[in-house]
Amino acid sequence: MPGNHSFCRIRWYILLVGVAIACSKQPPQVVSPPPRTDTLIRAVDFSLFPEIERRGWLRHDPDDTTRTFPAALREYGVNAIRLRLWKNPAVNSVHGLDSVAQFSARLRALGFKTWISVHYSDDWADPGQQQTPQDWQGLSFSELLSRVHTYTADVAQRIQPDWIQVGNEINHGMLWPLGDRRVSPQQFRLLLDTACAAIRRHAPGARIVLHYAGLDGSDAFFQSLSGVDYDAIGISYYPLWHGRNLQNLPLTLGQLHARHQKPVLIAETSYPFTLGWADLTTNIVGLDSQLIVPDFPASLEGQRNYMHTIRTLCRGTPGVSGYCYWGAEWVAYSGSAVGLGSPWENQALFDFEYRPVPALSTFADVY
């Protein structure tokens, strides 16, 4: 019996050695690194494109083929599109709810995230103008709250955006005079609370953005809104209006995140690639004194370097989730006569022949 046990042990030993040798001849398993994911929001405001597209504006590729531009923007690294929404626009019907909902659905089908800027006005809304829609004028405050809730619920339910702004550049409130923050701060808060509640109920996946223009006063503004149910801070930054010292931008954005514990977005920015013009409409930026010089001249390279800097500081500033380039599509598409052109064509992301400018390359995942 002892001899048999020894023989069995020898057989098991030989078997184990054989298995070990066989395994050692197998090629080592290669473990691929996880795919690189980039969560930085790299958006452009493309609100006018449906109107421009109706005029026949197409992207011209280097190989002379043409195609409409939203599909091509993905190739440049743009991952979100921002659209402005007006209540009952007298002009530019592309900013009305039906058109915005249709364009948003088209963009979602192309793989973009959507970001809706609800102006609560029939026209432009910004720190200097927050005109109540015509069909809401003359209402009592309680009636206005009801209209805001119903309208916001309709917008949220129809579009189901990824981000939705309650108001646009609401430094001094919205829906004046009843929602003027300087006169009736409590009524302004109630308007925000009403809109946010409607979004939570009818588009629970959307993230709510409150949008302030500029750096000065931004901290006090968001402190005054402590307790409002929103998700992200949006800040406009244009060197022309908000200071030409870029070092102040990441400092302010980082402080806003640290104090309010909300992700921060550069909701609007832009820069010119020339001080020239393609039409007879006066441009908003047209002087060297409006630029960040000498670092960022009004040139194709200057615009590209500005946007590269914006992207770099977004990546390097804790709490900053991304940025949006405003007026990317606002070329001089409707004619060159005074009043028909664009005041922004030298800040678009396409040159005067509608070709993509180098600044678009900074939106790519790898730059």
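Scroll up to find the structure this text is about.
**Here's the deal with the pairing of strand β8 (residues 232-236)**
When you tally the buried positions in β8, you get 5 out of 5 residues, the bulk of the element. Two elements, strand β7 (residues 207-213) and β8, share 5 bridges in a ladder whose sense is parallel. Within β8, the position partnered with Ala213 by the bridge is Ser236. Running through helix α7 (residues 218-224), the crossover from β7 to the neighbouring parallel element β8 is right-handed. Of the pairings in the sheet, the one linking β8 to strand β9 (residues 264-269) comprises 4 bridges and is parallel in character. Bridge assignment links Ile233 to a residue of β9, and that residue is Val264.

**Quick look at the side chain of Ser104**
Relative to the elements of secondary structure, Ser104 occurs in helix α4 (residues 97-109). Note on Ser104: relative accessible area 1%, which makes it buried. Filtering out sequence-adjacent residues up to four positions away, Ser104 remains in contact with Leu83, Thr114 and Ile159.

**Some points on the pattern of salt bridges**
Pairing is possible between side chains of opposite charge, provided their charged atoms come close. In total, this model carries 16 salt bridges according to the counting rule given. Put simply, Asp162 and Arg108 hold a salt bridge, and the shortest N to O gap is 3.8 Å. Placement of Asp162 in the loop between α5 (141-159) and β6 (163-166) and of Arg108 in helix α4 is noted, with a sequence separation of 54 residues between them. A relative accessible area of 11% places Asp162 in the buried class. Note on Arg108: relative accessible area 37%, which makes it partly exposed. Salt bridges sharing common partners tie together Asp45, Arg82, Arg84 and Glu268.

**Topic: the packing of α5 against helix α6 (residues 185-202)**
Put simply, α5 and α6 touch, their axes get as near as 8 Å, and they point 30° apart. Judged by the inter-axis angle, α5 sits roughly parallel to α6. As for how α5 packs across α6, the hand of that crossing is right-handed. Facing Phe141, Leu144, Leu145, Val148, His149, Thr152, Ala153, Ala156 and Gln157 of α5, the residues of α6 in contact are Gln187, Leu190, Leu191, Thr194, Ala195, Ala198, Ile199 and His202. Here the contact of α5 with α6 is built from residues that sort into 11 nonpolar, 6 polar and no charged.

**Some points on the sheet that holds strand β4 (residues 80-85)**
Spatially, 8 strands are ordered β1-β4-β5-β6-β7-β8-β9-β10 in a closed barrel, and the strand pairing comes out parallel. Each neighbouring strand pair of the sheet contributes to a mean axis angle of 25°, computed without reference to strand direction. Bridge count between strand β1 (residues 41-45) and β4: 3 bridges; the pairing is parallel. Among the inter-strand pairings, Ala43 is bridged to a residue of β4, identified as Ala80. Of the strands in this sheet, β8, β9 and β10 (320-325) are in contact with helix α9 (residues 248-260), which crosses β9 at around 140°. Here helix α10 (residues 300-316) sits on the sheet in contact with β1, β9 and β10, set at roughly 155° to β10.

The rules behind the values
- Residues numbered from 1 in each chain as written.
- Predicted model: local features only at pLDDT ≥ 70, side-chain atom pairs only at ≥ 80, totals over all residues.
- Heavy atoms only, no water.
- Buried < 20%, exposed > 50% of the residue type's maximum accessible area, 1.4 Å probe, protein only.
- Helix = DSSP H or I, 4+ residues; strand = E, 2+ residues; numbered from the N terminus.
- Pairing = 2+ DSSP bridges.
- Right-handed = clockwise from strand over helix to strand, strands pointing away.
- Contact = heavy atoms within 4.5 Å.
- Salt bridge = Lys/Arg side-chain N within 4 Å of Asp/Glu carboxyl O.
- Axes fitted to C-alpha atoms, helices over the stretch in contact; angles between N-to-C directions.
- Parallel < 35°, antiparallel > 145°, perpendicular 65-115°, else oblique.
- Left-handed = near helix turned anticlockwise from the far one by under 90°.
- Nonpolar A, V, L, I, M, F, W, Y, C, P; charged D, E, K, R; others polar.

In short, geometric facts, not functional conclusions.
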